[in-house]
Amino acid sequence: MISITGVSKSFGRKTAVANLTLEIPPGQIFALLGPNGAGKTTTIKMIAGLLRPDAGQVRVCGFDVDKDHLRAKEVTAYVPDEPFLYDKLTGREFLDFIGRMYKFNGSALKGEIDRWTSTFDMGAFIDDLTESYSHGMKQRLAISAALIHRPKVLMLDEPLVGLDPVTARLVKEVFREQARAGVTLLMSTHILSIAQEVAEQVSILMDGHVVAQGSCKEICSRGEGGGTLEEAFFRIIGESTPAPKP
Amino acid sequence: MTGGATLAALRFAQIRNLVRFFGWQSKFKTAVILLSCALFWLGLFWFFRFGLTFFRDRVGREFFQDLVGSMLHFFFFMLMVMLLISNGIICYSAFYRSRETGFLLGVPLRTESVFMYKFLESLGFSSWALLFLATPLMAAYGSVFNVPWSFYALSVVFFAAFMWIPAALGAWAAMVITNYLPNLRRRLMTLTVIAGLVVVVVVGAKILQFRARQTAEIRLVVDIFAEIEWTSNPLLPSTWVTKGILELSQGRWGGAMFFFGVILANAAFALVLLYSASGKLLRDGWFSSQGSRRARRVRASLLDPLVHGALGFFSPEVRSIVIKDIKSFVRDPVQWSQFLIFFGLLAIYFVNLRQFGYDSRDEFWKILVSQMNLLATALTLSTFASRFVFPQLSLEGRRFWVLGTAPMKRDTILFGKLAFSFVSSLVISETLIAVSSLMLRVPMVTALTHAVVLLAICLGLSGMAVGLGAVYPNFREDNPSKIVSGFGGTLNLVCNLLFVLACVALQAIPFVLYGSRLAQISIGADDFKFALVLAVGAVAVLSLVVCMVPMGLGLRALRRLEV
């Protein structure tokens, strides 16, 4: 479903992603982990078509993201880490706008808006201007907007940051449901416990390179073996878990 | 270090980095910005000097002095009101809407120091206009009245003292309203806009009454200024600065020092009071303003089906972008209120054109006035394009994840912006110019020419603003006024003005040649028609070039854009 072959991307002298190759099959939840500046967001943005790779090829559902970008965009959706919305539109108008961009309209679009409004419990504020929304409300709306055209590939940059426990659980359940329906989910996260809980496959990036990849179980058993994903993560990136101060 | 010293060091570092950044910019950018500033200043200087010499040559020298005195009283009164309002609005944003204030109130600094830090920032933002408006006036005044050289330097000292008074009053208003009338803030904003419009209509009506009963134009001006004699009330700070400037120009140092002392004492008094109360007013106001922003509920409107129907010839994606932009514009009073005032003033003037009796004058006057109206409408449109259309793409920057990932060509985004700008400016400007032509009873050929020329101007201005907005985007800013004050915005403003002047001048050539009293030669009716076709054709070609070249550059930049 997502196929990345030998992809590199630099910003000036800084190499953000170097010769990256990934294959993510349909219906899988895949997590990108890594410290700040590891290349997680750059990778996701290249798949979403917001950045162009310097080298290599990105394909989504068989479509080349660079050469056949319109077909690729029709089947993908992206939610950034900080979802800036149009302040002077209501949540409903925003969803309507997004739906029309993906050539949805009429009762089909209305049905999808109602479905996600209900799923994410947005009824109380969906007709308010988004300028008054909290971060969690914006995040729920942005995820709804991403799902409204029924994408086959969903990319999420830090999707659970700022969500309350109830919404976070709901969002995780929606992710699992989407995966069961055959949607591929690629997310970047700093919260290792979420990756361990939700993701089937994990890739740890560092300085634009993949330093470890596999299921959470495989990652945890690397090296000395055992422990949590967090312990494995620190082992892999060559840092020790900071000892608690007395 | 005390809190004040820490914040002063912070501000110093920010200014130093700003100056360094300015030095790192390309020389071309720096040259364009400096040249634009110089042209603006010189243009104002020329305008003020022309106005002063115009009146000097038509009224007696003794009478002229009184007239100029009245004008200065009015000018500084209006400037004071403008400064007071802008200081109030900017102080409110700086004190209670800025994230920096929240951060600074959370660290162990004295609240009074935080207040003074933010107050000085607001003063800088709101008072630079004083420099650009008052100094060319003083230079023009000085050159007409042959004042001593010290006048120029000392008048700047007067302004430097004067600007603290409206700034302090504006800050007072912002803090008092936030603390004691928190629920009235939005209503007060609306009431201020309505009150401003009422004042404009009342003053306009008075002027029109004068017009109706006066025949001698200069006498009319004198009567108008007599009617606004109240602007020289001795309790007004604007009166102190005006009288001080007048004393200064005549070399009466004692009188000048007296008014300077009055200004300084009152400014110091207002500031000491403000500083003393700021500890409580800033902190309490911050607490009451947080979370007080009520959600605005919006019902389904008729706009969507109307625009989808009216713009049926565009693709659904373009229509959706246009609807989104219209909603964003209409729901933001800060955006539309200034255009309501600009276009509203023009509309009031055009509707009342017959009060001036120009419709019954000979053709020369009718055409001259209609040409001036065309110029006024086109210049107002150019401010619309510069202030609102240019920042449109930059405002998409942080939201580019929405349009950038949508399955449509990126060109569609830019064509959506072009469609919105062209259609909205066309509707407004064609309505205005039609009213002007109707009220003036100009010949049909003049009315049609102006309608076609305005259509071309709308296309050119829209293409230029949208295209240059994509070539020089600023994705870090969410504030349109900051986006337009950058290099791209300045370049766009200058190009807009030159384009408008070129179009109006081109189409005016046949009218000047045809039986004009201004030209020595005149041409016949057939020649006139031929010249008119040529002129309008030239305007059309110019507009197409001015629209297509920046759009082409903008499309190329947008296709390459990586966010």
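Provided above is the structure to which this section pertains.
Owing to the predicted nature of the structure, the values given are computational and were not obtained by experimental measurement.

**Q** Help me understand the nonpolar core in this model?
**A** Among soluble globular proteins, nonpolar side chains are generally buried collectively. Core analysis: the biggest nonpolar cluster contains 146 residues, and A:I47, A:L185, A:L186 and B:I457 have the highest contact counts within it. Considering every element that reaches this core, the biggest residue donor is helix α19 (residues 444–471) of chain B, with 13 residues. If we skip the residues at most four places from it in the chain, A:L185 touches A:I29, A:F30, A:L154, A:L156, A:F175, A:Q178 and A:A179. By size, the runner-up hydrophobic cluster in this structure holds 58 residues, among which are B:A94, B:F115, B:Y117 and B:W172.

**Q** Could you clarify how one ought to interpret the sheet that holds strand β3 (residues 29–33) of chain A in this entry?
**A** Note on sheets: strands pair through backbone hydrogen bonds, and any given pair is parallel or antiparallel. All names here are of chain A. Across the sheet, which stays open at both edges, the six strands sit in the order β6-β7-β8-β3-β9-β10 with mixed pairing between neighbours. A strand with exactly one partner marks an edge of an open sheet, and here the two such strands are β6 (76–79) and β10 (209–214). Sheet twist, expressed as the average angle between the axes of neighbouring strands with direction ignored, equals 15 degrees. Bridge analysis of β3 against strand β9 (residues 201–206) gives four bridges, and the strand direction is parallel. The residue bridging L32 from the neighbouring strand is S203, located in β9.

**Q** Can you help me understand the environment of A:S144 in this one?
**A** Residues and elements named next belong to chain A. Mapped onto the secondary structure, S144 falls in helix α5 (residues 135–147). Each C-alpha atom, one on S144 and one on V79, is 9.6 Å from the other, the two residues being 65 residues apart in sequence. Setting aside anything within four residues of it in sequence, one finds S144 in contact with L95, W116 and F120.

**Q** Please clarify how the packing of helix α13 (residues 316–330) of chain B against helix α18 (residues 410–440) of chain B should be interpreted in this entry.
**A** What describes two packed helices is the angle between their axes and the distance between those same axes. Residues and elements named next belong to chain B. Two elements in contact, α13 and α18, have axes separated by 8 Å at closest approach and are oriented at 55 degrees. What the angle tells us is that α13 and α18 run oblique. For the element pair α13 and α18, the recorded crossing hand is right-handed. Facing E317, V318, I321, V322, D325 and I326 of α13, the residues of α18 in contact are T412, I413, F415, G416, A419 and F420. A breakdown of the residues in the contact of α13 with α18 according to their chemical character gives eight nonpolar, two polar and two charged.

**Q** Quick question: what am I supposed to make of unusual backbone geometry here?
**A** Working note: non-glycine residues mostly have negative phi, and peptide bonds are mostly trans. All names here are of chain A. The residue D121 is not glycine, and still its phi comes out positive at about 55 degrees. Note that D121 resides in the loop between α4 (106–119) and α5. C-beta crowding within 10 Å serves as the criterion here: with 13 such atoms nearby, D121 is assigned to the partly exposed category.

**Q** Which parts of the structure should I look at to understand α18(B)?
**A** Residues spaced three or four apart along an α-helix point in a common direction, a consequence of the helix completing one turn every 3.6 residues. Taking 1.5 Å as the rise per residue, α18(B) with 31 residues should run 45 Å; its terminal C-alpha atoms sit 45 Å apart, in good agreement. Directly beyond the C-terminal end of α18(B), a positive phi value near 55 degrees is found at B:R441.

**Q** Just to check I follow, could you spell out the interface of chain B and chain A for this structure?
**A** Interface size is commonly expressed as the accessible surface area that is lost when the partners come together. Contact residues are listed per partner, giving 25 residues for chain B and 28 residues for chain A. For the side of chain B that touches chain A, the secondary structure elements donating two or more residues are α13 and α17 (400–403) of chain B. Tallying contributions element by element places α13(B) first for the side of chain B that touches chain A, with six residues. For the side of chain B that touches chain A, the residue count by class is 10 nonpolar, four polar and 11 charged.

**Q** Help me understand the sheet that holds strand β2 (residues 14–24) of chain A in this model?
**A** Residues and elements named next belong to chain A. Within the open sheet, the four strands sit side by side as β2-β1-β4-β5. Their pairing is antiparallel. Both outer strands of the open sheet, β2 and β5 (63–64), are each paired with one neighbouring strand and no more. As judged from the seven bridges shared by strand β1 (residues 2–11) and β2, these two strands associate in the antiparallel manner. Note that in β2 the partner of S10 across the bridge is T15.

**Q** Could you clarify how one ought to interpret the pairing of β10(A) in this entry?
**A** As a general feature of sheets, a regular strand has side chains that alternate between the two faces. All names here are of chain A. Bridge analysis of β9 against β10 gives five bridges, and the strand direction is antiparallel. Of the residues in β10, the one forming a bridge with S203 is Q213. Counted along the chain from β9 to the antiparallel partner β10, the turn is two residues long, and its residue D207 has a positive phi close to 50 degrees.

Thresholds, definitions, all that
- Residues numbered from 1 in each chain as written.
- Chains lettered and ligands numbered in written order.
- Predicted model: local features only at pLDDT ≥ 70, side-chain atom pairs only at ≥ 80, totals over all residues.
- Core = buried A, V, L, I, M, F, W, Y, C linked by C-beta atoms within 7 Å.
- Buried ≥ 20, exposed ≤ 12 C-beta atoms within 10 Å, placed from the backbone.
- Helix = DSSP H or I, 4+ residues; strand = E, 2+ residues; numbered from the N terminus.
- Contact = placed C-beta atoms within 7 Å.
- Pairing = 2+ DSSP bridges.
- Axes fitted to C-alpha atoms, helices over the stretch in contact; angles between N-to-C directions.
- Parallel < 35°, antiparallel > 145°, perpendicular 65-115°, else oblique.
- Left-handed = near helix turned anticlockwise from the far one by under 90°.
- Nonpolar A, V, L, I, M, F, W, Y, C, P; charged D, E, K, R; others polar.
- Expected span 1.5 Å × (residues − 1).

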